[in-house]
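Summary of structural features
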Amino acid sequence: MSENRYDVIIVGTGAGGGTLAYHLAPSGKRILILERGDYVPREKANWDPQVVNVDGHYNTKESWLDKDGKELHPHTNYYVGGNTKFYGAALFRLRKEDLGELRHHGGISPAWPISYDDLEPYYTQAEHLYQVHGNRGEDPTEPPANSPYPWPAISHEPRIQQLSDDFARSGLKPFHVPVGVMLDETNAQKSRCIRCNTCDGFSCLLGAKSDAQVICIDEAIKHPNVTLLTNSLVKSLETNSSGREVNGVVVERNGSVDTYSADVVVVSCGAINSAALLLRSANDKHPRGLANSSDVVGRHYMGHTNSVMMAISKCPNPTIFQKTLGVNDFYFGSKDFEYPMGHISFVGKLDAVTLKAGAPAIAPNFTLELMAKHSLDFWLTSEDLPDPNNRVTIGRDGKIVLSYAPNNLEAHERLQAKLKQAMKQTNCAMHGHECHQGLFGRHLYVGQRIPLAGVAHQNGTIRFGHDPETSALDVNCRAHDVDNLYVVDGSFFPSSAAVNPALTIMANALRVGDHLLKRLGVSENEYERNRQQDRELAMTR
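This one's a predicted model, so the numbers in the text were calculated from it and none came from an experiment.

So, the overall build of the protein
In terms of regular secondary structure, the protein is built from eleven helices and 21 strands. Radius of gyration (C-alpha) of the protein: 23 Å, near the 24 Å computed for a compact globule of 541 residues. Principal-axis analysis of the C-alpha atoms places the extent of the protein at approximately 75 × 55 × 45 Å. In the protein, which comprises 541 residues, the proportion classed as buried is 60%. Put simply, of all contacts in the protein between residues at least 6 apart along the chain, 73% involve residues at least 24 apart. For the protein, the accessible surface area stands at approximately 21600 Å², while carbon and sulfur atoms represent 49% of it. Distance between charge centroids for the protein: 3 Å, based on 54 positive and 62 negative side chains.

Right, dumping it as structure tokens:
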């Protein structure tokens, strides 16, 4: 067998590719994982807000273009583990209704070709794999689940608990956000996670965040049949003469170019880069881009309408780990607005250094330090709708072009108004209703919304479906046009919903993984025998 020939090649190591690699590793099949970046350097700067948030040291230095040809510096990272290395690890299931057709103020959110029930067992597997902490039954919109969370919810610190109690007294149903961190609050001395203030947006120095590198890639490469190549940029995918099979994965690595091949090729570079890779792989059989006879590859880009809003109170907020509280009462609408609005939760606690990058102009006696000590830092997410003109293309110079016009904005403005109203009803024991000083958008974000460069929630560019004329992938995320090509990142989403996409990407990767095990001829007995050997070996380490 050629040393460049494998059973499976996986391009990308994030929520999709990393999870799939972990799931396939016990199969015994020869697997190659290709990652364009390297491991995040383990250094003190990992936890430095100046280096991470202000200098953007770990962001990619490449530039894209927007629809007007202006340079765009994406807020994304190319490392083993993908964007999960820096995510906030909020791991939500989509609501059951999200997978059906939903009418929004701005239009229709289309139904998925699979149901929530098809994903439910894989959501459960993903929650156990990524050690999600949460409480069932608190979130008024949560979908049905066949088992409890594997770990209890992360407790609120006093200021957040106070806010949760205020919200509950006003008639809302606040809940604990499901989070993937390796925290054991019953045994702080032995807990891997120390509940620090450098989780959301930072790489964890302790390896205590449930990211795809720590949870999946590090475990997958313990198998002798799995190979990881870092600093390996996939330039294009080549097909055989019929165009029905990928027979070459062209990789630029350490200044040289090599070609690898496999029975199955899985692309998982993130919705933007996966679409770009397929478009760059155009050939005579696929003149509009690989697997793009439908002309949907690159189209229907979605990334949510997100905003960060700061509530300033007279009372200080000494919270360290802030990302524990969520509100979904307005997710599907309210009495005065019948359309879905979205999700309210928190970002990691903002500090004075980070605020330098985009502090709102408020009362002049509020210094950055004082503002940081008194702020509650909310994250608001509303669903953006799939628009074929919101798309990824390749410019003449080979750069990625990201064209996007926001939509369904009324929903997000209504959500902001609901939060403002809720904050006015808070009742401090010391200051009463006067404790709340106002709700402000950070000026770093144009119109108080995360700018186009904020691509953490990217999805939708290689949608799956039953009809090859309107989708690029079938229900197993295999390309309609290319028999051995699969896509398992957020590209496959037909709609974006209004919660973080990571857990759905992970769950779907496990679902596709089961399909691939059957395709590769791996028996259940052989697979389970290998997994048992893995467990026994792990106990001896």
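Remarks on the sheet that holds strand 3 (residues 64–66)
Pairing is mixed across the open sheet formed by four strands, whose spatial order is 4-3-19-18. Since the sheet does not close on itself, it has two edges, and those belong to strand 4 (71–72) and strand 18 (391–394), each with one partner. Across two bridges, the pairing between strand 3 and strand 19 (residues 400–403) is parallel. Note that in strand 19 the partner of L65 across the bridge is V401. On top of the sheet, helix 6 (residues 271–280) reaches strand 3, strand 18 and strand 19; it is set at about 40° to strand 18, its chief contact.

Focus: unusual backbone geometry
Although it is not a glycine, Q131 adopts a positive phi angle of roughly 50°. In this fold, Q131 is placed in the loop between helix 3 (116–129) and strand 7 (132–133). With a relative accessible area of 23%, Q131 lands in the partly exposed category. The backbone of C477 sits at a positive phi, close to 65°, despite the residue not being glycine. Looking at where C477 falls in the secondary structure, it is placed in the loop between strand 20 (436–441) and strand 21 (485–487). By relative accessible area, which is 0% here, C477 ends up buried.

Quick notes on the packing of aromatic side chains
Overall, the coordinates contain 14 aromatic pairs when judged by the stated rule. Their ring planes at 70° and their centres at 4.9 Å tell us that F492 and F493 sit as a pair that is edge-to-face. Every member of this aromatic cluster is reached through a ring pair, and the members are W112, F464, F492 and F493. Lying across the ring of Y78, R36 places its NZ or CZ 3.8 Å from the centre. For the cation-ring pair, R95 lies above Y331, with the distance from its terminal atom to the ring centre recorded as 5.9 Å.

A word on the state of the cysteines
Applying the stated rule across the entire model yields zero disulfides. C199 takes part in no disulfide bond, and the closest cysteine sulfur to it belongs to C196, at a distance of 6.3 Å. Judged by its relative accessible area of 12%, C199 is buried.

Remarks on the pairing of strand 2 (residues 31–34)
Residues I31 and I33 line one face of strand 2 and the alternating positions L32 and L34 line the opposite face, and both faces are buried. With four bridges connecting them, strand 1 (residues 5–11) and strand 2 associate as parallel partners. Directly across from I9, in strand 2, lies its bridge partner L32. For the segment spanning strand 1, helix 1 (residues 15–24) and strand 2, crossover handedness is right-handed. Bridge count for strand 2 against strand 10 (residues 226–229) is four bridges, and the pairing is parallel. The residue of strand 10 that forms the bridge with L32 is T227.

Overview of the side chain of R511
Position of R511 relative to the elements: it lies in helix 10 (residues 502–519). Buried within the structure, R511 lacks any salt-bridge partner; its nearest side chain of opposite charge belongs to D118, at an N-O separation of 6.8 Å. Those residues in contact with R511 that sit more than four places away from it in its chain are I114, D118, L119, Y122, F464, V475, N476 and C477.

Thoughts on the packing of helix 1 against helix 10
Interhelical geometry of helix 1 versus helix 10 gives an angle of 40° and a closest axis separation of 8 Å. Crossing of helix 1 against helix 10: the hand is right-handed. Taking contact as the criterion, the partners of A15, G16, T19, L20, H23 and L24 in helix 1 are, on helix 10, A502, I505, M506, A509, L510, G513, D514, L516 and L517. Tallied by class, residues from the contact of helix 1 with helix 10 come to ten nonpolar, four polar and one charged.

Structural notes on the pattern of salt bridges
A pair can form between side chains of opposite charge whenever their charged atoms are brought close. With the rule as written, the count across this model stands at 21 salt bridges. The partner of D483 in a salt bridge is R519, with the nearest N and O atoms 3.0 Å apart. With D483 in the loop between strand 20 and strand 21 and R519 in helix 10, the pair connects residues that are 36 residues apart, well separated along the chain. Within this structure, R93, E120, E127 and R136 form a network of salt bridges that share partners.

Observations concerning the environment of S294
Inspection of the secondary structure puts S294 in the loop between helix 6 and strand 14 (305–313). Using a relative accessible area of 13% as the deciding quantity, one classes S294 as buried. Expressed as a C-alpha distance, the spacing of S294 and E383, which sit 89 residues apart in the sequence, is 25 Å. Discounting residues that sit within four places of it in the chain, S294 has contacts with R288, P468, E469, T470, S471 and A472.

Remarks on helix 6
Burial analysis of helix 6 places nine of its ten residues in the buried class, the great majority of the element. The set of residues buried in helix 6 consists of A271, I272, N273, S274, A275, A276, L277, L278 and L279. The inward-facing, buried residues of helix 6 abut strand 3, strand 11 (232–239), strand 13 (256–267), strand 18, strand 19 and strand 21.

A short note on the confidence of the model for the protein
Per-residue confidence for the protein gives a mean pLDDT of 93, with 95% of residues at or over 70. Low pLDDT (under 50) marks residues 442–448, which in the prediction has 23 contacts with non-local residues, meaning those over four places away or in another chain.

Conventions used here
Residues numbered from 1 in each chain as written. Predicted model: local features only at pLDDT ≥ 70, side-chain atom pairs only at ≥ 80, totals over all residues. Heavy atoms only, no water. Helix = DSSP H or I, 4+ residues; strand = E, 2+ residues; numbered from the N terminus. Rg over C-alpha atoms; globule rule 2.2 N^0.38 Å. Buried < 20%, exposed > 50% of the residue type's maximum accessible area, 1.4 Å probe, protein only. Contact = heavy atoms within 4.5 Å. Areas by Shrake-Rupley, 256 points an atom, 1.4 Å probe, with all protein chains shown as cover. Lys, Arg positive; Asp, Glu negative; His and termini not counted. Charge placed at Lys NZ, Arg CZ, Asp CG, Glu CD. Pairing = 2+ DSSP bridges. Axes fitted to C-alpha atoms, helices over the stretch in contact; angles between N-to-C directions. Phe/Tyr/Trp six-rings, centres within 6.5 Å; stacked < 30°, edge-to-face > 60°. Lys NZ or Arg CZ within 6 Å of the ring centre and 35° of its normal. Disulfide = S-S within 2.5 Å. Right-handed = clockwise from strand over helix to strand, strands pointing away. Salt bridge = Lys/Arg side-chain N within 4 Å of Asp/Glu carboxyl O. Left-handed = near helix turned anticlockwise from the far one by under 90°. Nonpolar A, V, L, I, M, F, W, Y, C, P; charged D, E, K, R; others polar. pLDDT = per-residue confidence, 0-100.

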